[in-house]
There are 2 protein chains.
Amino acid sequence: MIEPQPKLSEAEFTHALRSIGEQKYHHRHPFHLLMHQGRLGRGQLQAWAFNRFYYQIHIPVKDSLILARSQDAEFRRAWRTRIEDQDGTDERPGGLARWIELVKATGIPAEQLARKGQVLPGVRYAVEEYLRLVSHGTLLQAVASSLTEMFASRLIALRLDRLREHYPWLAGALQYFEHRLTEAPRDADFALRWVLSQAETREQQEQAIAALSAKCDILWAQLDAIYFAYVEPGWPPFEAFHPREHSHAA
Amino acid sequence: MIEPQPKLSEAEFTHALRSIGEQKYHHRHPFHLLMHQGRLGRGQLQAWAFNRFYYQIHIPVKDSLILARSQDAEFRRAWRTRIEDQDGTDERPGGLARWIELVKATGIPAEQLARKGQVLPGVRYAVEEYLRLVSHGTLLQAVASSLTEMFASRLIALRLDRLREHYPWLAGALQYFEHRLTEAPRDADFALRWVLSQAETREQQEQAIAALSAKCDILWAQLDAIYFAYVEPGWPPFEAFHPREHSHAA
């Protein structure tokens, strides 16, 4: 008979979650490495900003799906700030408006963002998978999938440095990332505390770890699709976004 | 005021559907071109057979979802043969058993097919998108998405020739494709007649054309993911299938 695995201590469980990030978070993706080395052309940054916008507009959808699944008003109040951060309020613009500034700074008119048919199928499918995960998994899995934010601020701090260094023409449009430097750790802290407290069995702990791993796949697969279409081999599908200046890595 | 577009004649509608195939069906995908030129190594054929099996096992799922959506016993009787073809009956093996023979002939033990965690995320997401399309679109869209079979037999006839020529060690395990040479045209004929009769307005005709286009994206994106991981640049994700003999294009 197979012995049931003992529940992980809080330190072991936290370590297991962090290990997923070290292995699989997209800070290691070659597209980001090229970006940070200054080896992407303007067209490739356009393609990234354009396709990644599709992910961005689905973040509040994802957070609303999570909101709808909780019966706990305290949880919902905390989670709601994510939607406000991304969509903005009457008083202040949100992350989406800041991402649009980034897109425009790459040289794409904002109107082109409406052409969702130009989004890479691989990016669309990854976003669908994220919505499926938070809709059909347990609430614990949905929340655990957000824990990629534990790894976000280090990546974003590096990215801000490197974008300013290598692509100075983008430097005035990096407010999205500047805001994320404070939003992501706050959101990750709340989500980590919630996951640690809600995963009551080893099986639930393993489900949370698997959900975080699945979310890393979702981020990674988007960059694979972008790299494949716009870096190497470099063939965007039939209807996809074609950069105005489609220059390959220098 | 914008005039509503007139309904297409049957010939025009059929032509529009066929044009999608000429533009976007995966007979044009570079992975298939390399395959047919004999430029794939055994490891790359393993990766293709392994990942494509994941698509294959979801074909009866997809067909069952379509079956469940029809109230017409005549339609269901015709559609049911697709599930029998793939799953087999008590008397005869089906397409899945034949695909497993193909996988084994590439040098992968059949047991490895159970390791679904090794399937490329990009392939998994494309399969999910297919299930989503047939579940949440109209029944007309679900059936129209199957019309890629109009283009299948020409691709399969070519593939059989080229596989026998370039990869003679596979020649004894091509029964899957031999059966598809007769199954696909029969299924496509039924589906085309059904779509032509059911699309009563121009809007419905356009929805059917869009569904066929979306299905071409789903097939194409799977090969993009396989090409990206196993041909060029050639990096399978962390947990993905790693070929026993991972040789690059000759």
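What comes next is a walk through the structure. (Residues numbered from 1 in each chain as written. Chains lettered and ligands numbered in written order. Predicted model: local features only at pLDDT ≥ 70, side-chain atom pairs only at ≥ 80, totals over all residues. Heavy atoms only, no water.)

1. Section: the interface of chain B and chain A
Stated formally: What makes two residues a contact is simply this: any of their non-hydrogen atoms within 4.5 Å. Put simply, buried area is the surface a 1.4 Å probe can reach on two separate parts but cannot reach once they are joined, added for both. Whenever a carboxyl oxygen of Asp or Glu lies within 4 Å of a side-chain nitrogen of Lys or Arg, that contact is scored as a salt bridge. Two N or O atoms form a polar contact when they lie within 3.5 Å of each other; inside protein one atom must be a possible hydrogen donor and the other a possible acceptor, and for residues adjacent in sequence the pair counts only when both atoms belong to side chains. Numbering of helices and strands starts at the N terminus; helices are DSSP runs of H or I of at least 4 residues and strands are runs of E of at least 2. Here the nonpolar group is Ala, Val, Leu, Ile, Met, Phe, Trp, Tyr, Cys and Pro; Asp, Glu, Lys and Arg are the charged ones; every other residue, Gly included, is treated as polar.
Taken together, the contacts link 25 residues of chain B with 25 residues of chain A. Counting each side, the surface lost to burial between chain B and chain A is near 2200 Å², with a carbon and sulfur contribution of 64%. Here chain B is connected to chain A by 6 salt bridges. When the shortest N-O distance is used, the salt bridge between Arg124 of chain A and Asp217 of chain B registers 3.5 Å. Along the contact surface separating chain B from chain A lie 8 residue pairs in polar contact (both at pLDDT 80 or more). Elements represented by at least two residues in the side of chain B that touches chain A include exactly helix H1 (10–24), helix H6 (121–136) and helix H10 (202–230) of chain B. Top element by residues in the side of chain B that touches chain A is H10 of chain B. It accounts for 8 residues. Tallied by class, residues from the side of chain B that touches chain A come to 13 nonpolar, 3 polar and 9 charged.

2. Topic: the relation of the copies chain B and chain A
Applicable threshold: For this overlay, a least-squares fit was computed on C-alpha atoms, restricted to residues scoring pLDDT of at least 70 in both copies.
Under the fitted operation, chain B is carried onto chain A by 0.0 Å of movement along the axis and a turn of 180°, and the coordinates agree to an RMSD of 0.0 Å. The transformation just described matches what one would write down for a two-fold rotation axis. For chain B, the residue whose C-alpha comes nearest the rotation axis is Tyr125 of chain B, separated from it by 2.7 Å. The overlap is high: 100% of the interface residues of chain B also sit at the interface in chain A, so the same surface is used on both sides.

3. Things to note about the nonpolar core
This is how the line gets drawn: Nine residue types can take part in a nonpolar core, namely buried Ala, Val, Leu, Ile, Met, Phe, Trp, Tyr and Cys, and a core is a set of them joined through side-chain atoms within 4.5 Å. Relative accessible area decides the class of each residue, using a 1.4 Å probe on protein chains only: under 20% of the type maximum gives buried, over 50% gives exposed, and in between gives partly exposed.
Formed by 166 residues in total, the largest nonpolar core has its most connected members in Trp48 and Phe177 of chain A together with Trp48 and Phe177 of chain B. Look past the residues within four positions of Phe177 of chain B in its chain and what remains in contact with it is Trp48, Trp99, Leu102, Ile156, Arg159, Leu160 and Leu163 of chain B.

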